[in-house]
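As a plain string of letters, each chain reads:
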2 protein chains.
Amino acid sequence: MAVEATAPGKAILFGEHSVVYRGPAVVLAIDRRARVVAEKRGDDRIFFDALDLGFSGYFEGETYVPVQGEIQQGRRLQALLVSTRCTMEHLDLKSGLNLTVRSRIPIAAGLGSSAAICVATVAAVGELLGGGLSMEEVCDLAFEGEKVVHGTPSGVDNNISTYGGILRYERGKGIDRFELDSNLPFVIGNSRRRRSTRRLVSRVRALRERTPEIVEQVIEAMVQVSKSGLAALKDVNLHRLGDLMNVNHGLLVSLGVSIAKLDLMVHASRVAGAYGAKLTGAGGGGCMIALSDISNLENVSRAIRRCRGDPYIVNISYEGVKTRRVN
Amino acid sequence: MAVEATAPGKAILFGEHSVVYRGPAVVLAIDRRARVVAEKRGDDRIFFDALDLGFSGYFEGETYVPVQGEIQQGRRLQALLVSTRCTMEHLDLKSGLNLTVRSRIPIAAGLGSSAAICVATVAAVGELLGGGLSMEEVCDLAFEGEKVVHGTPSGVDNNISTYGGILRYERGKGIDRFELDSNLPFVIGNSRRRRSTRRLVSRVRALRERTPEIVEQVIEAMVQVSKSGLAALKDVNLHRLGDLMNVNHGLLVSLGVSIAKLDLMVHASRVAGAYGAKLTGAGGGGCMIALSDISNLENVSRAIRRCRGDPYIVNISYEGVKTRRVN
């Protein structure tokens, strides 16, 4: 017997970087998912087959034995191990395990791949061991894994991968989740350049220390964009959402977190008829996101491909983490 | 006997677009100049040889007779005629004239080509007719020509072409001129896309009407950048100037006035070691400007050329309009 769990990735619509200081971020769960299959082993080993992340190997106690890919314990592997162990400790159950990780969420691209994998891992292990974890428990246990990857994560990524839907997050004010009545598709363009959120956040912090009077003004504008953007999203006002995404992109450019390829894909999407487009996530690589009429999604995708980006047409996913028994 | 007059072009360092609403703009005269040679004719015709602008032809009374290029009276031709006639009316002198216009300032690129040509025209005609115009008179008469091209120009362009140097301009507060002790070279990158300032200003106004709460914040940030930028310029603080140029570029992107090619040249200049880079002028085409160490000017120029832009290495010009008699 084995258990499969899947969890959605995410895209930030408004508020990246500014949310570190103040104001809301608006985050969408997307219908690209990470999938983890867990089954028990006869021995005590915890085996990870995670070739999408670049490795397979197992833990024999504290010793990692690589089978393929990275020999050192990278952060991604550590996050898997921590998610698994925390779940077993929480349930006070123990078993050798085979964990197969597959993901349609590109890694290090700002789409919440690591959180989705942690959430799916916790859910699969929990269900396999018969623990009947609540959503809240899954979310909290996955957060332990997220900490390994991101240091001090906001809690948004594990939250959205657990519950799906749309989140409004603001520091000190917690998380609100909501849904829209209408279908609202986006095109995501992956620059294929991996980047580190930590490094980009530090870079913005350094710029803020050098020119506080300016960066405070930029952040203030971003906070306003996030607030107006949230209202426009709830109203499904596409023209207004597009305007606000465009402005938000420029503000992110002013913080120095865009790269030429992201700017190119953003321009190309607009020329191809998108209502608006912006980088999504920390920048420095990763992805952009464009809002487009359904009839125009393919045009925008082609425009992104012409810039040598990988386009993904995505919908907001209201389906959070899901588990099922498989043979 | 003929008179030659030359006048410098300009580049906006800080404050394009925001200056339409409030706060200062910081404008540099650059050492690329327009040149007009004026000589008397035996008849009443006013002949313009302005092939750099795309035309040659003459006025016989109110009738324009094209020799080459545009058949209709375009705005540029009108501006030349108005500058010439206003000067003659002001001096209460009249003559047939040959006017030869040559310019190293690309047109419709945001570098003040039309103002430099108007200023040089007024100065050449004034000197030829022996009027002994003051600088102030040259500036004011050229403004009449500028109005033909730009509708309601700020008065900055004719001012900087007349006096040279660095100007701080703010609506309702007039113009301050100053100089730096140090040499401060820039690289300008021309996208080769002509654009209309009027159209871009209208586009920003429309965005402001749609999203006033956001655009006001962006303008506020731009005003702050211009103020800090002016101080950094006076201190010749290159790192800080670079930071502020970079932030300013993003803010202009957020107003929707950049194009992919400008963004590419901006990124390429930074990668090539510029302290900072931004679009200059109204955007929608035209030019970007990069600040670089003298030792690095060629690198930045090459980077711009690789983006298929035309690089010009320029210095701030403290030499305003100049006339001399030629044979």
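Since the structure is predicted, the reported quantities are computational estimates derived from the model, not experimental observations. Residue numbers run consecutively from 1 along every chain, following the written order of its sequence. Working convention: letters from A go to chains and numbers from 1 go to ligands, in the order in which they are written. It should be noted that, the model being predicted, local features are given only for residues of pLDDT at least 70 and side-chain atom pairs only at 80 or more, the latter also being counted only at that level, while totals for whole chains, interfaces and linings use all residues. To get the side-chain values, take all heavy atoms of the structure and skip hydrogens and water.

A. Layout of the overall build of chain A. By the criteria applied, helices consist of DSSP H or I runs no shorter than four residues and strands consist of E runs no shorter than two, each listed in order from the N terminus. In terms of helices and strands, chain A carries 10 helices and 13 strands. Against the 2.2 N^0.38 benchmark of 20 Å for 327 residues, chain A shows a C-alpha radius of gyration of 20 Å, consistent with a compact globule. In terms of overall dimensions, chain A has a C-alpha envelope of 55 × 45 × 40 Å along the principal axes. The buried share of chain A, reckoned over its 327 residues, is 62%. We call two residues in contact whenever any of their non-hydrogen atoms come within 4.5 Å of each other. In chain A, the proportion of contacts linking residues at least 24 apart, taken out of those at least 6 apart, comes to 72%. All radius of gyration figures rest on C-alpha atoms, and the globule criterion is 2.2 Å times the number of residues raised to 0.38. Using a 1.4 Å probe on the protein chains alone, a residue whose accessible area is under 20% of its type maximum counts as buried, one over 50% counts as exposed, and one in between counts as partly exposed.

B. Spatial organisation of the domain arrangement of chain A. All names here are of chain A. According to the domain assignment, chain A contains domain 1 (2–178 + 317–326) and domain 2 (186–314). Residue ranges for the domains originate in an automatic or database domain assignment. Using C-alpha coordinates to define each centre, domain 1 is positioned 25 Å away from domain 2. Each partner contributes to the interface: domain 1 provides 32 residues, whereas domain 2 provides 42 residues. Summing both sides of the interface, domain 1 and domain 2 together bury roughly 3,000 Å²; the carbon and sulfur share of this comes to 67%. Summed over both partners, the accessible area lost on bringing two parts together, with a 1.4 Å probe, is the buried area. Of all residues in domain 1, Phe-14, His-17 and Tyr-21 bury the most surface against domain 2, accounting for 25% of the area lost on that side. Salt bridge criterion: a side-chain nitrogen from Lys or Arg within 4 Å of a carboxyl oxygen from Asp or Glu. The tally of links from domain 1 across to domain 2 stands at 3 salt bridges. Contacts described as polar in this section are N or O atom pairs within 3.5 Å, which, within protein, must combine one atom able to donate a hydrogen with one able to accept it, while residues neighboring in sequence count only if both atoms come from side chains. One can count 10 residue pairs in polar contact (both at pLDDT 80 or more) joining domain 1 with domain 2. Mapped by element, the contributors of at least two residues to the side of domain 1 that touches domain 2 are β1 (2–14), α1 (18–21), β2 (24–41), α4 (135–150) and β7 (166–170).

C. Region of interest: the interface of chain B and chain A. Listed by partner, the interface residues are 28 residues for chain B and 28 residues for chain A. The partner of Asp243(B) in a salt bridge is Arg210(A), and the shortest N-O contact between them spans 2.5 Å. For the interface between chain B and chain A, the tally reads 12 residue pairs in polar contact (both at pLDDT 80 or more). Going through the elements one at a time, α6 (197–210), α7 (212–234), α8 (238–254) and α9 (260–271) of chain B are the ones with two or more residues in the side of chain B that touches chain A. Counting residues per element, the side of chain B that touches chain A draws most heavily on α8(B), which supplies 10 residues.

D. Structural context of the packing of helix α7 (residues 212–234) of chain A against helix α8 (residues 238–254) of chain A. All names here are of chain A. Whenever a helix is involved, its axis is fitted only over the stretch in contact; in every case the axis is a line through C-alpha atoms, and angles between N-to-C directions fall within 0 to 180 degrees. Viewed as axis vectors pointing N to C, α7 and α8 meet at an angle of 160°, and their least axial separation amounts to 10 Å. Relative to α8, the element α7 lies roughly antiparallel. Regarding α7 and α8, the two cross each other, and that crossing is left-handed. Along its contact with α7, which presents Val-218, Ala-221, Met-222, Val-225, Ser-228, Gly-229, Ala-232 and Leu-233, the element α8 presents Arg-240, Leu-241, Leu-244, Val-247, Asn-248, Leu-251, Leu-252 and Ser-254. Any angle that falls under 35 degrees is termed roughly parallel, while one over 145 is termed roughly antiparallel, one within 65 to 115 roughly perpendicular, and all others oblique. What makes a crossing left-handed is the near helix being turned counterclockwise from the far one by less than a right angle; a clockwise turn instead makes it right-handed.

E. Geometry of the nonpolar core. In this structure, Leu233(A) and Leu233(B) are the most contacted members of the largest nonpolar core, which totals 211 residues. Excluding residues that lie within four positions of it along the chain, Leu233(A) makes contacts with Leu13(A), Val26(A), Leu28(A), Ile166(A), Phe178(A), Leu180(A), Leu184(A) and Leu241(A). In this description, a nonpolar core means a group of buried Ala, Val, Leu, Ile, Met, Phe, Trp, Tyr and Cys residues linked to one another through side-chain atoms lying within 4.5 Å.

F. Just the sheet that holds strand β12 (residues 310–314) of chain B, in detail. All names here are of chain B. In this description, strands pair whenever DSSP reports at least two bridges between them. Within the open sheet, the 4 strands sit side by side as β10-β11-β9-β12. Their pairing is antiparallel. A single partner strand is all that each edge strand has here, and the edge strands are β10 (276–280) and β12. Within this sheet the neighbouring strands show an average axis-to-axis angle of 25°, counted without direction. Here 5 bridges tie strand β9 (residues 186–190) to strand β11 (residues 287–291), and the two strands are oriented antiparallel to one another. From the neighbouring strand, Ile-188 faces β11, where its bridge partner is Ile-289. Running at roughly 40° to β10, α8 makes contact with β10 and β11 of the sheet.

G. Up close: the relation of the copies chain B and chain A. Least-squares fitting of one copy onto the other uses the C-alpha atoms of those residues that reach a pLDDT of at least 70 in both copies. Superposing chain B onto chain A requires a rotation of 180° together with a translation of 0.0 Å along the rotation axis, leaving an RMSD of 0.1 Å. Taken together, the rotation angle and the small translation identify this as a two-fold axis. Nearest to the rotation axis, the C-alpha of Gly250(B) is located 2.4 Å from it, this being the minimum over chain B. The residues that chain B uses at the interface reappear at the interface of chain A in 100% of cases, marking a shared surface.

H. View of the confidence of the model for chain A. For every residue, the predictor assigns a confidence score, pLDDT, that lies between 0 and 100. The pLDDT averaged across chain A works out to 95; a share of 99% of its residues lies at or above 70. Across the interfaces of the predicted complex, the ipTM metric reaches 0.92, alongside a pTM of 0.94.

I. Spotlight on the side chain of Asn159(A). Residue position: Asn159(A) is located in helix α5 (residues 156–163). Overall, Asn159(A) belongs to the buried group, its relative accessible area being 15%.

J. Molecular detail of helix α4 (residues 135–150) of chain B. Residues and elements named next belong to chain B. Here the expected length of a helix is defined as 1.5 Å per residue gap, with one fewer gap than residues. The end-to-end C-alpha separation of α4 is 22 Å, in line with the 22 Å expected for 16 residues at 1.5 Å each. For α4, the principal kink sits at Glu-144 and spans about 30°. Residues Val-138, Cys-139, Leu-141, Ala-142, Gly-145, Glu-146 and Val-149 constitute the buried set of α4. Of the residues one or two after α4, Gly-151 is the one with positive phi, at around 80°. Here the bend at a residue means the angle between the axes of two seven-residue stretches, the one that ends at it and the one that starts at it.

K. View of the environment of Cys86(B). Residues and elements named next belong to chain B. With respect to the secondary-structure elements, Cys-86 resides in helix α2 (residues 75–91). C-alpha of Cys-86 to C-alpha of Glu-144: the two residues are 58 residues apart in sequence and 7.5 Å apart in space. The residues touching Cys-86, leaving out its near neighbours within four places in the chain, are Leu-141 and Glu-144.

L. The arrangement of the packing of helix α2 (residues 75–91) of chain A against helix α3 (residues 113–128) of chain A in detail. Residue and element names in this part refer to chain A. Where α2 meets α3, the axes come as close as 9 Å, and the angle between the chain directions of the two elements is 35°. Once α2 is placed against α3, the crossing between them reads as right-handed. Where α2 abuts α3, its residues Ala-79, Leu-80, Ser-83, Thr-84, Thr-87, Met-88 and Leu-91 lie against Ile-117, Cys-118, Thr-121, Val-122, Val-125 and Gly-126. Amino acid classes used here: Ala, Val, Leu, Ile, Met, Phe, Trp, Tyr, Cys and Pro are nonpolar; Asp, Glu, Lys and Arg are charged; the rest, including Gly, are polar. Taken together, the residues of the contact of α2 with α3 break down into 8 nonpolar, 5 polar and no charged.

M. Up close: the packing of aromatic side chains. Think of it this way: a Phe, Tyr or Trp ring, Trp meaning its six-membered ring, pairs with another when their centres are within 6.5 Å, and the plane angle makes it stacked under 30 degrees, edge-to-face over 60, tilted otherwise. Per the counting criterion, the structure on display carries 6 aromatic pairs over all chains. Taken together, a centroid distance of 5.9 Å and an interplanar angle of 20° make the contact between Phe47(B) and Tyr58(B) stacked. Taken together, the positions of Phe47(B) in strand β3 (residues 46–50) and Tyr58(B) in strand β4 (residues 55–60) put the pair 11 residues apart, joining distant regions of the chain. Geometrically, the ring pair formed by Phe48(B) and Phe59(B) is edge-to-face, given 6.2 Å between the ring centres and 85° between the ring planes. Pair noted here: Phe48(B) is in strand β3 and Phe59(B) is in strand β4, with a separation of 11 residues, a long-range link. The exposure classification of Phe48(B) matches that of Phe59(B), with both residues buried. Here a set of aromatic residues connected by ring pairs shows up, and it is made of Phe48(A), Phe59(A) and Tyr64(A).

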